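Residue-level listing of the chains:
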Amino acid sequence: MSDVVAEVAAETSVEGNAKPTKQFSVYEATSEELIERSMAPIKKEFLCPPPPSRSLKQSDVKAPHPSLVQEKKSKRQLKRERREKCAINLCPQVSKTEDVDSCQYKEKCRFNHDIEAFKAQKPDDIDGQCPFVASGMKCQYGLSCRFFGTHKAISGGNSDGEQKNSEFNFFNKETQRLLWKNNMTFVKADAKLKSLGLMGHAKKSNAAQENDAEKPLNGANGSQATEDVDVHGPLETEQVRPMKKAKSDDNNETSKLGDINDGVMDVDDETEKKGHSTSKAKIEDEEDSIKVVETDGSLKSHPREKKKLIDFRDKLYLAPLTTVGNLPFRRLCKVLGADVTCGEMAMCTNLLQGQASEWALLRRHSSEDLFGVQICGSFPDTVSRAVELIDRECTVDFIDINMGCPIDMVVNKSAGSALLNKPLRMKNIVEVSSSIVETPITIKVRTAFFEGKNRIDSLISDIGDWGATAVTIHGRSRQQRYSKSADWDYIYKCTKNASSNLQVIGNGDVYSFLDWNKHKSDCPELSSCMIARGALIKPWIFTEIKEQRHWDITSGERLNILKDFVRFGLQHWGSDTKGVETTRHFLLEWLSYTFRYIPVGLLDVIPQQINWRPPSYFGRDDLETLMMSESAGDWVRISELLLGKVPEGFTFAPKHKSNAYDRAENG
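Residues numbered from 1 in each chain as written. Predicted model: local features only at pLDDT ≥ 70, side-chain atom pairs only at ≥ 80, totals over all residues. Heavy atoms only, no water.

**Re the packing of aromatic side chains**
At step 1: Following the criterion strictly, the structure yields 14 aromatic pairs and no others.
At step 2: A centroid spacing of 6.1 Å and a plane angle of 65° characterise the contact between Phe46 and Phe618, whose relative ring orientation is edge-to-face. Of this pair, Phe46 sits in the loop between α1 (31-36) and α2 (75-85) while Phe618 sits in the loop between α26 (577-594) and α27 (622-627), placing them 572 residues apart in sequence.
At step 3: Classification of Phe618 by relative accessible area gives partly exposed; the value is 31%.
At step 4: With a centroid separation of 5.2 Å and an interplanar angle of 50°, the aromatic rings of Phe565 and Trp590 are classed as tilted. Separated by 25 residues along the polypeptide, Phe565 in helix α25 (residues 555-573) and Trp590 in helix α26 bring together distant segments of the chain. Assigned by exposure class, Phe565 and Trp590 land together as buried.
At step 5: Put simply, the rings of Phe312, Tyr317 and Phe398 touch in pairs and so form one group of aromatic residues.
At step 6: Between the NZ or CZ atom of Arg446 and the centre of the ring of Tyr482, over which it lies, the distance is 5.5 Å.
At step 7: Note that Lys538 overlies the ring of Tyr511, its terminal NZ or CZ placed 4.8 Å from the centroid. (Phe/Tyr/Trp six-rings, centres within 6.5 Å; stacked < 30°, edge-to-face > 60°. Helix = DSSP H or I, 4+ residues; strand = E, 2+ residues; numbered from the N terminus. Buried < 20%, exposed > 50% of the residue type's maximum accessible area, 1.4 Å probe, protein only. Lys NZ or Arg CZ within 6 Å of the ring centre and 35° of its normal.)

Okay, structure coming up:
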């Protein structure tokens, strides 16, 4: 929170003599003056008294909270430390059945079978009931469950098979093996890429045409010619490298994975790109397959003629949110009124490499009745193959392609918002992806790459013809990140220029039902509004919009929402020690956003704006005061109310910086 007293820069006279420094006090300022400074107009009775004016002594400096990480550690280092702390890893099968003879691997099992030793070092049970038992299911974690004492309260329960039916899109192990060995075939995508000249050596010549086509556009916007330097070559090499690594690791993985079905056709597209020789039989088989698909594809007169249709109009759309937009959080938002949910952004290259952690981002809960996944890639071949694979392996209602992510790691690979500088590549990605699957393809963009050089208005009339069902426009450029307010006037302009067959969704700074109503009334052509940070800070915004009210939510009601998230998290990540700490981690990531919420009853002017900085203030009760603290130590204390004491040596630091008021690093 900002200081109670804000200093104003000293004025100087014409002669250069400094005038006395003026001070601005929140106690004396009016609500209008506070709002002009982007400060929240808190009622005077809830403001903290000003601190005494005295010099800071060394003894006054507080030591950092033990839960705050001082030095960021790598994932590998943290994983190694967790293993060292856990003396005994009980076999999952033994834990589930409580029978040491139930494990099929017997003495060869890499886990421990000593039940008594495990009980001796197991942490105390957490207060509350097992989330699986509470839902009438049988807990699959058995002895490892941190709520094991409540298992005896209810006997029986559904089987594990029935329990898993609440989640979909599990990653198939056989698919993973094929991806690891680079034996997966993408017949539809490769056929379309070949017909457009985007495969092999033809792709290089197409890249040159792409640059030539983009120069006039960039010149019109006043950008330098160096911004159009084609980086396709180095990145193409980067695409090949993971595949080569997978091949080099085959010998190490063979003992674990077993033999691959000999009947699978081995088509190495990356080898074809390099111009290496391929057996004649394989080439003939590939060409025969491609011809069949091209014949079938020719029956479609236009990529927009799809069997599956999706209507976003007037539906409350929860944005795909990095880290915090996990399955338990989306499930919570569904309970609070969200209509459309979308998974976290997954990188196409990681999906095609068979990374299980990336495929986990595509998981779907049964309550998500209108669900999509978001992917991000640099080139038409990578994205289209990922689209074909997702359509084949997962159950989704739409696939969203991210073309607006601002983070450097993504932009440096010519993905995300970097595609805004490559309109021809944008077209190729959408055109190929939409033509090979019946699942609707949507895209998410920003206004431009550089501030003041908007370009979506010049492309919006063509995006529908590319094959996209909908486009979401975030009213900021990549350069802005999250600074300044979203440009909704520009979103309205693009919406009115869009073709009738393209749905336009606005995104940026929606934080109350009044914001939603204003955007819908100002531009009736707008299909819907996507809600991102507003849902992170107060997920009950969906309830407010549907009920058209400002919800003066109490601290007890907010705690119940946190309890629901914890319950959903334990059901998703597990109720054993590892699942509890994973749930705690994502709860803390979410709490790094929720502290920004200011209760309605504490404001002189409502509704709260998303960019308001509150002065030092306190809540109507101790729990409300704790929830509005910006200290990570207080967030840890809230997690202890729900998940018990943190382990010894526990540390936490927020992953993203967008929980701050001034800037953000995540997309």
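**Quick word on helix α19 (residues 423-436)**
At step 1: In a regular helix each residue adds 1.5 Å, so 14 residues correspond to 20 Å; α19 covers 20 Å between its end C-alpha atoms and thus fits that length.
At step 2: In terms of burial, α19 is largely enclosed, as eleven of its 14 residues are buried.
At step 3: Within α19, burial applies to Pro423, Arg425, Met426, Asn428, Ile429, Val430, Val432, Ser433, Ser434, Ser435 and Ile436. (Expected span 1.5 Å × (residues − 1).)

**Some thoughts on the confidence of the model for the protein**
At step 1: With 71% of its residues at a pLDDT of 70 or more, the protein shows a mean pLDDT of 79.
At step 2: This model gives residues 159-163 a pLDDT under 50, and the stretch forms seven contacts once residues within four places in sequence are excluded. (pLDDT = per-residue confidence, 0-100. Contact = heavy atoms within 4.5 Å.)

**What to know about the pattern of salt bridges**
At step 1: What the rule picks out here adds up to 24 salt bridges.
At step 2: For Asp339, the salt bridge identified is with Lys546, shortest N-O distance 2.9 Å. In this pair, Asp339 sits in the loop between α14 (327-335) and β5 (341-342) while Lys546 sits in helix α24 (residues 541-547), placing the two residues 207 residues apart along the sequence.
At step 3: Here Asp408 makes a salt bridge to Arg478, at a shortest N to O gap of 2.4 Å. (Salt bridge = Lys/Arg side-chain N within 4 Å of Asp/Glu carboxyl O.)

**Side note on the pairing of strand β10 (residues 441-446)**
At step 1: Most of β10 is tucked away, with six of its six residues classed as buried.
At step 2: Both faces of β10 are covered, namely the face carrying Ile441, Ile443 and Val445 and the face carrying Thr442, Lys444 and Arg446.
At step 3: Both strand β9 (residues 398-403) and β10 contribute to a ladder of five bridges, which runs parallel. Counted as the bridge partner of Met403 is Val445 from β10.
At step 4: Note: β10 against strand β11 (residues 470-474), five bridges, orientation parallel. (Pairing = 2+ DSSP bridges.)

**Considerations on the UniProt feature "zinc finger region: C3H1-type" (unreviewed entry) in the protein**
At step 1: Mapped onto this numbering, the UniProt entry gives "zinc finger region: C3H1-type" (unreviewed entry) at residues 90-116.
At step 2: Overall, residues 90-116 shows 30% helix and 0% strand. The separation of its end C-alpha atoms is 10 Å. (UniProt positions renumbered as here; feature names shortened; annotations may be inferred.)

**Comments concerning the pairing of strand β13 (residues 528-531)**
At step 1: Residues Ser528 and Met530 line one face of β13 and the alternating positions Cys529 and Ile531 line the opposite face, and both faces are buried.
At step 2: Here strand β4 (residues 317-318) runs beside β13; their pairing, made up of two bridges, is parallel. Of the residues in β13, the one forming a bridge with Tyr317 is Met530.
At step 3: Examined bridge by bridge, strand β12 (residues 503-507) and β13 share three bridges and lie parallel to one another. Note on β13: the bridge partner recorded for Ile505 is Ser528.
At step 4: Taking the sense of rotation as the criterion, the β-α-β connection linking β12, helix α22 (residues 513-522) and β13 turns out right-handed. (Right-handed = clockwise from strand over helix to strand, strands pointing away.)

**As for unusual backbone geometry**
Backbone phi values are negative for most residues with the exception of glycine, while trans is the configuration of most peptide bonds.
At step 1: The omega torsion across Ile606 and Pro607 is 5°, close enough to zero to call that bond cis.
At step 2: Along the chain, Pro607 falls in the loop between α26 and α27.
At step 3: The phi dihedral of Lys106 falls on the positive side, at around 50°, and the residue is not glycine.
At step 4: Position of Lys106 relative to the elements: it lies in the loop between α3 (92-97) and α4 (115-121).
At step 5: A positive phi angle, near 65°, is found at Asn169, a position not held by glycine.
At step 6: With respect to the secondary-structure elements, Asn169 resides in the loop between β3 (167-168) and α7 (173-180).

**Here's the deal with the environment of Lys122**
At step 1: Relative to the helices and strands, Lys122 resides in the loop between α4 and α5 (131-134).
At step 2: A relative accessible area of 15% means that Lys122 is categorised as buried.
At step 3: It is 8.1 Å that separates the C-alpha atoms of Lys122 and Ser144, two residues lying 22 residues apart in sequence.
At step 4: One polar contact links the side chain of Lys122 to the main-chain carbonyl oxygen of Leu143, over a distance of 2.6 Å. (Polar contact = N/O pair within 3.5 Å; in protein donor to acceptor, adjacent residues only side chain to side chain.)

**Quick word on the packing of α26 against helix α28 (residues 632-643)**
At step 1: Two elements in contact, α26 and α28, have axes whose closest approach is 10 Å; the angle formed by their N-to-C orientations is 140°. Our classification of the angle between α26 and α28 gives oblique. Viewed along their axes, α26 and α28 form a crossing whose handedness is right-handed. In contact with Val580, Thr583, Arg584, Leu587, Leu588, Leu591 and Ser592 of α26, α28 contributes Trp635, Val636, Ile638, Ser639, Glu640, Leu642 and Leu643. (Axes fitted to C-alpha atoms, helices over the stretch in contact; angles between N-to-C directions. Parallel < 35°, antiparallel > 145°, perpendicular 65-115°, else oblique. Left-handed = near helix turned anticlockwise from the far one by under 90°.)

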